[in-house]
Amino acid sequence: MVTPQQEPPGRQVSGHEPRGSSAAPLMGQMMQMPLLISSLLHHAARHFGDTEIVTRRIEGDLHRYTYADCEVRAKQLAQALLATGVKRGDRIGTLAWNTYRHLEVYYGTSGMGAVCHTINPRLFAEQLVFIINHAEDRFVLFDITFAALVDQLAAQCPQVRGWIALTDRAHLPAMQTPIICYEEWLAAQSGEFDWPQFDELSASSLCYTSGTTGHPKGALYSHRSTVLHAYGAALPDAMACSARDAIMPVVPMFHVNAWGIPYTAPLVGAKLVLPGKDLDGASLYALMESEQVSFSAGVPTVWLGLLNYLSQNNLQFSSFKRTVIGGSACPPAMLRSFEDQFGVHVIHAWGMTELSPLGTLANLKAKHAALPPEAQRHILEKQGHVIFGVDLRIVGIDGLELPWDGVSFGDLQVRGPWVVERYFGQLESPLIDGWFPTGDVATIDADGYMQITDRSKDVIKSGGEWISSIEIENVAMAHPEVAEAACISCAHPKWDERPLLVVVRKPGTEVDRESLLQFYEGRVAKWWIPDDIAFVDAIPHTATGKIQKLKLRELFKNHVLPSVSQMQAEST
Ligand code: ADP
């Protein structure tokens, strides 16, 4: 049971002002119960106690237990943390995949008042050292796959008091770093524990951006922002999650809290299916079928692997009904393939670490019901419409708001109770007039649907006009022989920049430069057609699955466009 308040909330308000008093406004007289993360798991354990959480464990086998079991173990973890002297507000790091143990850490840490700091193990070692030291993590809990990584990091992170391996004694890896066994640590505690009640504005979790420019920056979420986000995410025009769903977050729990699913699933009482470390098409498909997953969420690159696996093996889903795709633009060709070939409804979504992460999701309004399917799809291909909790606007270089006409594009700014106000450890706020500048460039149409044109640092400026690299990529991705495409700017003496398309062909295909350029005819404005195409074996990705444009620009910095060599030849 949730205990009565053990300490007063930070913001004292009175519900007892006499009617008509001029001294203070009349306050509502409802219970003051802080919105705490522990209450999500407690709710699921109490009202959906036998609903399952199924995990493909790092040890290889399938593990299943219930929300009721999960709460007991999360409480044991909270007790273990308290016993080692962890205080409210202390940061506890994780280097872990999507598993039931990671879920216990989410709730055990935040639930006792500490801060769950999820660390992205795909970052470079120097970035990880910077992040762990900047966050001043007291303990770090890690999956055994990261044993070598921990050995590499530990000496450079002196303030970490203990490294805890998320496994049992039988599977403890041999390491140089002294480690604690998670299962033994937990077993020493009873699990008889009441979640403490405290101010909902307290910090609950911490997530660093990947820091493609400069050092990574920390977004420090609060209990209130996380619970509100979990409510928002569950809405019918957001992820539409319910107690009838079996939800599998493919997006990692170290990537913006798996887009909030570890909080939303217990909020609605849905079954959770956690895929562990194997995110290849075959492993995901097997788990989705055996656990009858109905809903999932992930970035386009992971879905590419799953769709290829299904096509190559002539398979269909038996339970998978809808998926959220975001993190980078979902190519329309992928959306269509999911819908037409596999009967899976795609919800294209946009967000970022600084937004907890959900900002917009593409769903139709009532007035769109009568539109022909093609027109409906055109709307659903955009990054979507806000849910309550997020407001947005686009501004021009003069800082003035631009019209919502679906054509004007400018810097996208957002605000809301789950949007970051300042970064962890930084005094200066990034806000502009109370709005958070996202660094994305976008259009908004008259119905409020937002479409991202580019990251502002990735737009291609040709002759003073902007070309959307995302749109150029989407056209290429619609070609049947293109596996992946990235469009970057290339220096041009006359136009400043012109688009260069970098393409990975599908295995066994041989689409060439001329036929792919021809494919653009009639699909985009003539001056948007790339000046050149480079075929490569692979395109580099960031730690969160985005195309690494910075690296691509570096790789192709000496690339001479045919139009430029022609100009040079003519001038000599
Ligand atoms: P996440 O990858 O979870 O969205 P990050 O903070 O790592 O969070 O990255 C945020 C950035 O990713 C956004 O500012 C935007 O540039 C890009 N992004 C996210 N979703 C989309 C999308 N649907 N379409 C285009 N870009 C996207």
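Residues numbered from 1 in each chain as written. Predicted model: local features only at pLDDT ≥ 70, side-chain atom pairs only at ≥ 80, totals over all residues. Heavy atoms only, no water.

**Considering the overall build of the protein**
Each helix and strand in the protein was counted, giving 17 helices and 25 strands. In summary, the protein has a C-alpha radius of gyration of 25 Å against a globular reference of 25 Å for 572 residues, a match within 12%. In terms of overall dimensions, the protein has a C-alpha envelope of 80 × 70 × 50 Å along the principal axes. Out of the 572 residues in the protein, the part that is buried amounts to 57%. (Helix = DSSP H or I, 4+ residues; strand = E, 2+ residues; numbered from the N terminus. Rg over C-alpha atoms; globule rule 2.2 N^0.38 Å. Buried < 20%, exposed > 50% of the residue type's maximum accessible area, 1.4 Å probe, protein only.)

**Let's talk about the packing of helix 4 (residues 125-135) against helix 5 (residues 147-154)**
Contact geometry of helix 4 with helix 5 gives a least axis separation of 10 Å together with a crossing angle of 65°. The element helix 4 and its partner helix 5 pack so that their crossing is right-handed. In contact with Ala125, Leu128, Val129 and Ile132 of helix 4, helix 5 contributes Leu149, Gln152 and Leu153. Residues that form the contact of helix 4 with helix 5 fall into these classes: six nonpolar, one polar and no charged. (Axes fitted to C-alpha atoms, helices over the stretch in contact; angles between N-to-C directions. Left-handed = near helix turned anticlockwise from the far one by under 90°. Contact = heavy atoms within 4.5 Å. Nonpolar A, V, L, I, M, F, W, Y, C, P; charged D, E, K, R; others polar.)

**Details of the site of the ligand**
Neighbouring the ligand are 17 residues; Ala349, Thr353, Asp440, Arg455 and Lys546 lie closest to it. Here an oxygen atom of the ligand and a side-chain polar atom of Thr353 are 2.7 Å apart. Arg455 has a polar side-chain atom sitting 2.6 Å from an oxygen atom of the ligand. For the ligand, whose unbound accessible area comes to 540 Å², protein coverage reaches 94%. Those elements giving two or more residues to the shell around the ligand turn out to be helix 8 (256-259) and strand 14 (345-351). Looking at the shell around the ligand element by element, the count peaks at four residues for strand 14. Taken together, the residues of the shell around the ligand break down into six nonpolar, eight polar and three charged. (Near = heavy atom within 4 Å. Polar contact = N/O pair within 3.5 Å; in protein donor to acceptor, adjacent residues only side chain to side chain. Areas by Shrake-Rupley, 256 points an atom, 1.4 Å probe, with all protein chains shown as cover.)

**Looking at the packing of aromatic side chains**
With the rule as written, the count across this model stands at 16 aromatic pairs. Here Trp97 and Phe254 contribute two aromatic rings whose centre-to-centre distance is 5.8 Å and whose plane-to-plane angle is 65°, an arrangement assigned as edge-to-face. Of this pair, Trp97 sits in the loop between strand 3 (91-95) and helix 3 (100-112) while Phe254 sits in the loop between strand 10 (246-249) and helix 8, and the two are 157 residues apart along the sequence. Using a relative accessible area of 2% as the deciding quantity, one classes Phe254 as buried. A ring pair is formed by Tyr106 and Tyr263, whose centres lie 5.6 Å apart and whose planes are at 35°; its orientation type is tilted. On the criterion of sequence distance, the pair formed by Tyr106 in helix 3 and Tyr263 in helix 9 (residues 261-268) is long-range, its members being 157 residues apart. Site record: aromatic cluster; members linked through ring pairs are Tyr285, Trp303, Tyr309, Phe317, Phe320, Phe338 and Phe342. Across from the ring centre of Tyr423, 5.2 Å away, lies the NZ or CZ of Lys217, which sits over that ring. (Phe/Tyr/Trp six-rings, centres within 6.5 Å; stacked < 30°, edge-to-face > 60°. Lys NZ or Arg CZ within 6 Å of the ring centre and 35° of its normal.)

**Re the sheet that holds strand 15 (residues 358-361)**
A sheet is described by the order of its strands in space; here nine strands give the open sequence 2-1-11-10-12-13-14-15-16, paired in mixed fashion. Both outer strands of the open sheet, strand 2 (62-66) and strand 16 (385-386), are each paired with one neighbouring strand and no more. The pairing of strand 10 with strand 11 (residues 271-274) spans two bridges and is parallel. Following the sheet pairing, Ile247 is matched in strand 11 by Leu272. The strands touched by helix 12 (residues 332-342) are strand 13 (322-325) and strand 14; relative to strand 14, the strand with the most contacts, the crossing angle is about 150°. (Pairing = 2+ DSSP bridges.)

Nothing here speaks to function; it is geometry throughout.
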